[in-house]
Amino acid sequence: MPYGPNGNFTRVMNWTSDYENGIEIVCDRHDAEDDNFAQGFNVAFCRDGRAPATGNFKMGGFKITGLGDGASTNDAVNKKQLDEQNTELQNQIDAISTDLSDTSFIGDIKASLQTSNHGKWLLCDGQAVSRETYEDLFLLIGENFGAGDGVATFNLPDYRGKFLRGLGGNSASDIYTTQAEGLPNITGKITADGRELITEGAFELTETKSLGRTSDYNSMRYYNFDASLSNPIYGASEHVTPVNMAVNYFIKAL
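## Quick notes on the pattern of salt bridges
Throughout the structure, instances matching the rule amount to 6 salt bridges. The closest approach of N and O atoms between Lys80 and Asp69, which form a salt bridge, is 3.2 Å. One end of the pair, Lys80, is in helix H3 (residues 79-101); the other, Asp69, is in the loop between helix H2 (31-42) and H3, with 11 residues separating them in the sequence. Judged by relative accessible area, which is 43%, Lys80 ranks as partly exposed. In this structure, Asp158 and Arg160 form a salt bridge, with 2.7 Å as the shortest nitrogen-oxygen distance. Take Arg160: its relative accessible area is 56%, and that puts it in the exposed class. A single salt-bridge network, built from bridges that share partners, covers Asp69, Lys80 and Glu84.

## With respect to H3
A rise of 1.5 Å per residue sets the reference length of H3, with its 23 residues, at 33 Å; its end C-alpha atoms lie 32 Å apart and thus fit the reference within 8%. The distance from a side-chain oxygen at the start of H3 to the backbone nitrogen of Lys80 is 3.2 Å, and the residue carrying that oxygen is Asn78.

## A word on the sheet that holds strand E2 (residues 121-123)
Where strands meet in a sheet, backbone hydrogen bonds hold them as pairs that are either parallel or antiparallel. One open sheet accounts for 3 strands, arranged E1-E9-E2; its pairing is antiparallel. Both outer strands of the open sheet, strand E1 (109-112) and E2, are each paired with one neighbouring strand and no more. The mean angle between the axes of side-by-side strands here comes to 40 degrees, regardless of whether they run parallel or antiparallel.

## So, a nonpolar patch on the surface
A contiguous nonpolar patch, built from Phe57, Met59, Phe62, Ile64 and Leu67 and spanning about 570 Å² of accessible area, is present on the exposed surface. With respect to the helices and strands, Phe57 occurs in the loop between H2 and H3.

## Some thoughts on the nonpolar core
Counting residues in each nonpolar core, the largest one holds 11 residues, listed as Leu122, Cys124, Val129, Tyr134, Leu137, Ile141, Phe154, Leu156, Tyr159, Ile251 and Ala253. With near-sequence residues (within four places) excluded, Leu137 lies in contact with Ile106, Gly107, Gly142, Phe154, Leu156, Ile251, Lys252 and Ala253.

## What to know about the environment of Asp125
Structurally, Asp125 is set in the loop between E2 and strand E3 (128-130). It is 6.9 Å that separates the C-alpha atoms of Asp125 and Leu156, two residues lying 31 residues apart in sequence. Look past the residues within four positions of Asp125 in its chain and what remains in contact with it is Pro157, Asp158 and Arg160.

## Some details on the packing of aromatic side chains
What the rule picks out here adds up to 4 aromatic pairs. Between Phe203 and Phe225, the aromatic rings sit 5.3 Å apart at their centres with planes inclined by 70 degrees, giving edge-to-face as the arrangement. In this pair, Phe203 is assigned in strand E7 (residues 203-210) and Phe225 in strand E8 (residues 219-225), connecting sequence segments 22 residues apart. The lysine or arginine in question, Lys110, covers the ring of Trp121, its NZ or CZ lying 4.5 Å from the ring centre.

Cut-offs used in this document
- Residues numbered from 1 in each chain as written.
- Predicted model: local features only at pLDDT ≥ 70, side-chain atom pairs only at ≥ 80, totals over all residues.
- Heavy atoms only, no water.
- Salt bridge = Lys/Arg side-chain N within 4 Å of Asp/Glu carboxyl O.
- Helix = DSSP H or I, 4+ residues; strand = E, 2+ residues; numbered from the N terminus.
- Buried < 20%, exposed > 50% of the residue type's maximum accessible area, 1.4 Å probe, protein only.
- Expected span 1.5 Å × (residues − 1).
- Polar contact = N/O pair within 3.5 Å; in protein donor to acceptor, adjacent residues only side chain to side chain.
- Pairing = 2+ DSSP bridges.
- Axes fitted to C-alpha atoms, helices over the stretch in contact; angles between N-to-C directions.
- Patch = residues over 30% accessible without salt bridge, like charges linked within 9 Å, V, L, I, M, F, W, Y side chains within 5 Å.
- Areas by Shrake-Rupley, 256 points an atom, 1.4 Å probe, with all protein chains shown as cover.
- Core = buried A, V, L, I, M, F, W, Y, C linked by side-chain atoms within 4.5 Å.
- Contact = heavy atoms within 4.5 Å.
- Phe/Tyr/Trp six-rings, centres within 6.5 Å; stacked < 30°, edge-to-face > 60°.
- Lys NZ or Arg CZ within 6 Å of the ring centre and 35° of its normal.

Set out below in structure tokens:
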């Protein structure tokens, strides 16, 4: 049976036409059978797609297996392609969620119990890092914490063993300078004025006792040294270093 011009299979002979044209017919019982053959072929698939589907396929619970990867717009896709697409989509969603939840900016500092570089954060231990990889951070801090090798790297700040303090007031003049430790000076003076001793600063007269003498030297004077008299910062705490626990500082690099 040939494939007709209208996209359907057709039978080779037309018995009715042959009869009308005087063609001898050996048997006239083939019309219905030929029509059945043509109809059967018309509802079948051709591998080259010449016979398109005209309705939905009822699979009866069975699966189409061995389906190749779809390549064109109208191609069917298999489960493997769907899984890969879903994975890619989930990765994109996760990345967007991470970006939305990360409100930090390059150059921000955080305290953490992490012990090494992680994610977009680098440990502030003075390490040298790539100027190219961390271009934006280099544009921000430059060589202020160290030039690295002077060509391909630069140094991060080194905050080990240091407290971070707000800029301004009587702190260091910029964020790149380490302010040396120190304490205010303690001053005091005792001046002899005849029989009296005059105290200033951290010295004070605390007690005078009579010696029971009739001479001019009939009293004993006691002087104490008290640093808080020189500066009230002294005595305000039992120690210079505040109670603390160590953490690691990290800088946002990407």
